[in-house]
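# Chains, contacts and geometry: an overview
Here is how the chains run, residue by residue.
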Amino acid sequence: MSAPHDTLNLPRPLGDGLVLRLAAPEDTEAVAEFNSRIHLMDGEPMSFLPAWTRVLMLGQHPTMLAQDFVLVEDTQAHKIVSATCLIPQIWHYHGIPFKMGQPELVGTDPAYRRRGLARHVFEAIHTLSDAYGHQVQGITGIPWFYRQFGYEYALNLGGGRNLPVSRVPELKEDETEPYRVRPATEADIPTLIRLYQRCAVDKLVTVPMDETRWLYELRHRHFMGRVNCLTNADNDVVGTYSYSAELWGSRVETWALAVAEGISLRTVLPTVARALKAHGEARLAALNENNKDGPKREFTTIRFGLGADHPAYEAFDAQLDKLQNPYGWYIRVPDVPGFMRHIAPALEKRLADSVMSGYSGELKITFYRGGLRLVFEQGRLAVAEAWRQPADEKERAGAGFPPLVFLKLLFGYRSLAELRNAYPDCWAEEEPALLLNALFPRQASWVMQMV
């Protein structure tokens, strides 16, 4: 077992025959059964969760080990009753790489809930993440719950527009498909990397898709999604999109779409829509054939789940339903001053391009139960450290944010003005407000999670 896992000092008894421990490869089928039983939702493919669990635990995932699952086992009943995994990855902040850990597949058997098991598991997950050197944790999950473990909504998650199958444009009698569609292969990876990078341009937080990541997508994630290429008459790849392998409820979804420079999305989208329609119809026929005696499934919708804003929405506007607003990523930054020092080059560049260029001075920000002190010298971040306003309040801060709300500003999720309007206890003096606006403008991100 690698050194990061040794820091947890597991297994550990929790009482009543419950033991907190790390998973091992031989736990794979038990964890797969647990995840399927706890997490499977109506309309999801039955094989999805077991297949995903096996990929995560049996050495197919590029960053995870079976030991990155933390379990609670009832040793008397001989069953897993709570489980969560940690997926290590690299994200970028304004082009600066940082280590990130994503807790996933968080679940507890209903009969064992409200006993604090999730808290024990998350303490272990956070210890493991720290041992890996992760500077940030992020999770996608149910409303409110993860706030109790130090997380706050700070990045968009999802968002998209639906295309009813009935509105998919059909080819006219004298028309031929302007682009051909084929599955992406490993030989396409350099092109896939370039096309993906076009999606990440001008985005604040991004997840790089390198060769290793694309190999994982193409070799091991067929249970979840597939990748297609669009080619022109010369067989050149001019676009790509990722889409769901099966029907989710009554829809097929695409969550990534990119075209090469000089290619019109307006001309590409009808081809993509027709291909997705054909895929959905084929999966529907297979599902109904395999379930002849059960209720018939439907295929009604193609979802373009491309985030809050994507040029495809403008190009295909007349066919699409209105935007369904994004949910949110929960983000946790255990050492905010350390993270600020890490991203200092990005902050200094923003400062140099603003009305506060060359700034020298001190900014104190209270989080009420803590805070942050920044010192700039001629536009350079010289000090970033934890700070707490003294009890006598003589040393006044220049700005204030309720606990964790600062993360929304840090990750470009909300502007300072939006936060001041939303939170009566969020404020900033005149010069600190100028400085915060320069350092932390609102900016969109593009996060393709590695699961």
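What comes next concerns the included structure.

Cut-offs and rules
Residues numbered from 1 in each chain as written. Predicted model: local features only at pLDDT ≥ 70, side-chain atom pairs only at ≥ 80, totals over all residues. Heavy atoms only, no water. Phe/Tyr/Trp six-rings, centres within 6.5 Å; stacked < 30°, edge-to-face > 60°. Buried < 20%, exposed > 50% of the residue type's maximum accessible area, 1.4 Å probe, protein only. Lys NZ or Arg CZ within 6 Å of the ring centre and 35° of its normal. Helix = DSSP H or I, 4+ residues; strand = E, 2+ residues; numbered from the N terminus. Lys, Arg positive; Asp, Glu negative; His and termini not counted. Salt bridge = Lys/Arg side-chain N within 4 Å of Asp/Glu carboxyl O. Polar contact = N/O pair within 3.5 Å; in protein donor to acceptor, adjacent residues only side chain to side chain. Contact = heavy atoms within 4.5 Å. Pairing = 2+ DSSP bridges. 1 Å grid on protein atoms, 1.4 Å probe; cavity = no way out; pocket = protein on both sides within 12 Å on 5 of 7 lines; lining within 4 Å. Points joined across faces, edges and corners; volume = space filled by probe spheres on them. Nonpolar A, V, L, I, M, F, W, Y, C, P; charged D, E, K, R; others polar. Axes fitted to C-alpha atoms, helices over the stretch in contact; angles between N-to-C directions.

Moving on: the packing of aromatic side chains. All told, the structure shown has 24 aromatic pairs when counted by the stated rule. Summarising the aromatic geometry, the rings of Y146 and F149 are spaced 6.5 Å apart at their centres and angled 55° between planes, so their arrangement reads as tilted. Across this residue pair, the class does not change: Y146 and F149 are buried. An aromatic cluster of at least three residues, connected via ring pairs, comprises F122, F145, Y146, F149, Y151, Y153, Y327 and Y330. We note R414 situated over the ring of Y413; from NZ or CZ to the ring centre the distance is 4.0 Å.

Moving on, we come to the side chain of D74. Along the chain, D74 turns up in strand 3 (residues 69-74). For D74, which is buried and forms no salt bridge, the nearest opposite charge comes from K79, at a distance of 6.2 Å. A polar contact of 3.0 Å, which involves the side chain of D74, links it to the backbone nitrogen of Q76. Other than its neighbours up to four places away in sequence, D74 contacts G17, L18, K79, V81 and Y112.

This brings us to the sheet that holds strand 20 (residues 427-428). By definition, the strands of a sheet pair up through backbone hydrogen bonds, in either a parallel or an antiparallel sense. Pairing in this open sheet of five strands is mixed, and the strands run 18-17-16-19-20 from one edge to the other. Where the open sheet ends on each side, the last strands, each with one partner, are strand 18 (380-386) and strand 20. As paired elements, strand 16 (residues 361-366) and strand 17 (residues 371-377) share six bridges and run antiparallel to each other. Opposite K364, over in strand 17, you have R373 as the bridge partner.

On to empty space enclosed by the protein. In the structure shown here, the tally under the stated rule is one cavity of 30 Å³ or more. What the largest cavity holds in volume is close to 70 Å³. Counting residues per element, the ones that place at least two in the lining of the largest cavity are helix 5 (189-200), strand 12 (237-244) and strand 13 (251-259). For the lining of the largest cavity, the per-class residue count stands at 10 nonpolar, two polar and no charged.

Taken together, six strands build an open sheet; the order of strands is 8-14-13-12-11-9 and the sheet is mixed. Of all strands in the sheet, those bounded by a partner on one side alone are strand 8 (161-164) and strand 9 (180-183). For this sheet, the mean inter-axis angle between neighbouring strands, taken without regard to orientation, is 30°. Bridge count for strand 11 (residues 225-231) against strand 12 is seven bridges, and the pairing is antiparallel. Counterpart to T231 in the pairing with strand 12 is V237. Lying on the sheet, helix 7 (residues 265-290) is in contact with strand 8, strand 9, strand 11, strand 12, strand 13 and strand 14 (301-304); it crosses strand 13 at an angle near 150°.

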